[in-house]
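Structure at a glance
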Amino acid sequence: MARKAEPVELSTDELRSLKTLLRRGTSAARVQTRARVLDLLHRGQHPQAIAATLSLSLPTIFNIKRRYLEEGFDSALQDKPRSGKPPRILGDARAKLTALACSEAPEGHARWTLRLLADSAVQLGFVDSISHNAVRQILKKTGSDRT
C-alpha cells in the first residue's frame with residue numbers, strides 16, 4: 001500500500017501571493033512551475049500525480065517541498081543567487097573605451113577597428129590587457145558597435 005503524502009500547509013498570505021503569481025503569468029517559467037507544485041502539494045495531491053501532471057521528476061517535487069519546509073516560501077520559488085565571475089573591466093574603463101571608440105580615428109586610419117581600439121586602450125592605460133573580442137562585447141553592450 002502506498003504511503004499517503006503529507007500536504008504542505010500554506011498560510012493565507014502565501015496562498016494569496018501564489019494565486020496572484022499563477023494568475024498573472026508574468027514571472028519566469030521556473031517560478032510558475034514551482035508555484036504550481038506548491039499549490040498542488042497544498043491541495044494534498046500525491047507527488048507522483050504532480051510529477052505526471054507537470055512532467056517533472058519526483059526528486060524535483062521533493063526538492064521544492066523540502067526547500068519550502070526548511071527555508072520558506074520565497075526560497076522554494078526563487079533560485080538562490082549565483083556567484084559568477086566578476087567583470088575584469090569595470091565601469092570607468094568601459095566608459096573611456098566607449099569614448100575612445102566615438103572619437104576621431106588616429107592618423108593614417110579611416111576608422112577605429114577593434115584591434116586598434118584594444119591596442120590604444122592598453123597604450124593609454126585604461127586596462128592592463130584586453131582582446132579585440134572583449135572590446136567588441138563592451139561596445140555591443142553600450143550600443144556603440146559599428147555593425
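Above this note sits the structure.
Residues numbered from 1 in each chain as written. Predicted model: local features only at pLDDT ≥ 70, side-chain atom pairs only at ≥ 80, totals over all residues. Heavy atoms only, no water.

For the rest of this paragraph, the subject is helix α7 (residues 114–123). Buried residues of α7: Leu116, Leu117, Ala118, Ser120 and Ala121, and no others. Residues of α7 that are buried make contact with α6 (91–102) and α8 (132–142). Of the residues flanking the end of α7, it is glycine 125, one or two places downstream, whose phi is positive at about 85°. (Buried < 20%, exposed > 50% of the residue type's maximum accessible area, 1.4 Å probe, protein only. Helix = DSSP H or I, 4+ residues; strand = E, 2+ residues; numbered from the N terminus. Contact = heavy atoms within 4.5 Å.)

Formed by 17 residues in total, the largest nonpolar core has its most connected members in Leu18, Leu38, Tyr68, Phe73 and Leu77. Looking at this core, the elements that each hand over two or more residues are α2 (29–42), α3 (47–54), α4 (58–71) and α5 (73–77). Top element by residues in this core is α2. It accounts for six residues. Each residue touching leucine 18, except ones within four places of it in the same chain, is listed here: Leu10, Ala35, Leu38, Asp39, Phe73 and Leu77. Leu97, Leu116, Leu117 and Val135 belong to the second largest nonpolar core, which has 15 residues in total. (Core = buried A, V, L, I, M, F, W, Y, C linked by side-chain atoms within 4.5 Å.)

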